[in-house]
Structures are given as C-alpha cells and as structure tokens.
Amino acid sequence: MVGSKRTFTDVTDEEAIEFVDIVSDIVALDEYQKMKNYTHHIGYTRYQHCLNVAWYTYLWCKRSGLNYKSATRGAMLHDFYLYDQHKGEQPIPGRHVEVHPMVALANADKYFEVDEIMYDCITHHMFPSTSVRPVTMEGYIVSIADKYCAGLEVGKTGVDYMSPYVKEAIKKITE
Ligand SMILES: [Fe+2]
Ligand SMILES: [Fe+2]
C-alpha cells in the first residue's frame, strides 16, 4: 500500500487478512480487474488507487469504531469507472468531479449490493471539490483517505501540502 510498509501477503497480519476478506469478491470481478488498465495519479493504476484508499479507510474506520466493512467496500468502489476522461471518453456530459462518482455508483450497483454507507462513500467522495457533503462519518473518512492517498501517489509526503480541511481531518482521525 502506498505510504505503508504493510502488504497483503503477510499471513501473520490479522488486519491484512480481514481486509482481503472484505474486498475479495470485488477484486475477483473481471470488470473490476479492468481498472488495472487505467492510469490514476501518474504512477498508479486506478485499481491500486482504490486499494490504497480502501486500506486507509479500513484502518481509520475500524479504529474509530465505525462500520468499517461497508466503508472499506465503498472505498474500493469509489472510483469504479472504466474510461479516460482525458481522452474524451466520459459517457455522459458534465464536470468530471461530479460525473465519475455517479458512474462508479452505477457500476457498483450493477455488480454488488450497495448499502447506505457505501452509497455515501461513493457519491460524496469528491467533497470538498463538490458541494454536497458526506452524511456519514464513513463517507467523510473515504473523502479524506482519497485526498491522503492522492497526495502520496503523486509523491508528496507528510500533510503539509494538504488543505486545512484535509489536514485537520487527518489529525482528528489519527490522534
Ligand atoms: Fe474520484
Ligand atoms: Fe479516488
């Protein structure tokens, strides 16, 4: 995982084992595997990005006593869209920041059961780039984990580069 020394292959790591169990059916889906064909944040695939966001969501939600299973699944599916917006492939008109969460939700709903927390995590993950706030703590955490991982994926470390909103949220989650 980006920014982490942990892997999913350590059989003594109980959290890694549980995480894999939560996301295994998503990862096994052929359509989801196509996420490996899309670059996301320069040196990462969209598949790896979603794994990164899901991993931090899992850790933060579990340690905060939240519904970490739904949040982790929502995080895995938050960018489940199969097109390159930079090549004009977006299937419906509109701003990318608003369209791709809706496409991800439609894809998630096509293949998996989407509960209210997953819905919130997927549809509101672009906040505050979009105006509608998450309505659950799990949704907030996915939106923060998304920014945190995006920073790490483009090679920025620490939280100094982040907006005050993200910086404050990470402080609250991790202290
Ligand atoms: Fe996104
Ligand atoms: Fe994302």
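The following refers to the structure shown. (Residues numbered from 1 in each chain as written. Chains lettered and ligands numbered in written order. Predicted model: local features only at pLDDT ≥ 70, side-chain atom pairs only at ≥ 80, totals over all residues.)

1. A word on the overall build of the protein chain
Then, number 1: Assigned secondary structure in the protein chain consists of 8 helices and 2 strands.
Then, number 2: In the protein chain, the succession of α and β elements from N to C terminus is α-α-β-β-α-α-α-α-α-α.
Then, number 3: By the compact-globule yardstick of 16 Å for 175 residues, the protein chain fits well, its C-alpha radius of gyration being 15 Å.
Then, number 4: Each of the three principal axes of the protein chain carries a C-alpha extent, and together these read 45 × 35 × 30 Å.
Then, number 5: Counting over 175 residues, the protein chain shows a buried share of 39%.
Then, number 6: For the protein chain, restricting intrachain contacts to residue pairs at least 6 apart in sequence, the fraction spanning at least 24 positions comes to 57%. (Helix = DSSP H or I, 4+ residues; strand = E, 2+ residues; numbered from the N terminus. Rg over C-alpha atoms; globule rule 2.2 N^0.38 Å. Buried ≥ 20, exposed ≤ 12 C-beta atoms within 10 Å, placed from the backbone. Contact = placed C-beta atoms within 7 Å.)

2. As for the environment of valine 23
Then, number 1: Tracing the backbone through its elements, the reader meets valine 23 in helix 1 (residues 14–28).
Then, number 2: On the neighbour-count criterion, valine 23 (23 C-beta atoms within 10 Å) is buried.
Then, number 3: Sequence spacing of valine 23 and lysine 167 is 144 residues, and the spatial spacing of their C-alpha atoms is 28 Å.

3. Thoughts on the environment of valine 97
Then, number 1: Checked against the element boundaries, valine 97 lands in helix 5 (residues 96–111).
Then, number 2: Here the alpha-carbon distance between valine 97 and alanine 108, two residues 11 residues apart in the chain, equals 17 Å.
Then, number 3: Once you skip the residues sitting within four places of it in the chain, valine 97 turns out to touch Met126, Ser129 and Thr130.

4. Overview of the environment of lysine 147
Then, number 1: The residue lysine 147 is located in helix 7 (residues 137–153) in this model.
Then, number 2: Linking lysine 147 and phenylalanine 19, residues 128 residues apart in sequence, is a C-alpha distance of 20 Å.

5. Some remarks on helix 4 (residues 68–77)
Then, number 1: Helix 4 sits mainly inside the fold: 10 of its 10 residues count as buried.
Then, number 2: Within the span of helix 4, buried status applies to Tyr68, Lys69, Ser70, Ala71, Thr72, Arg73, Gly74, Ala75, Met76 and Leu77.
Then, number 3: Against the buried residues of helix 4 lie helix 1, helix 3 (46–63), helix 5, helix 6 (116–123) and helix 7.

Functional significance is not addressed by these values, which are geometric in nature.
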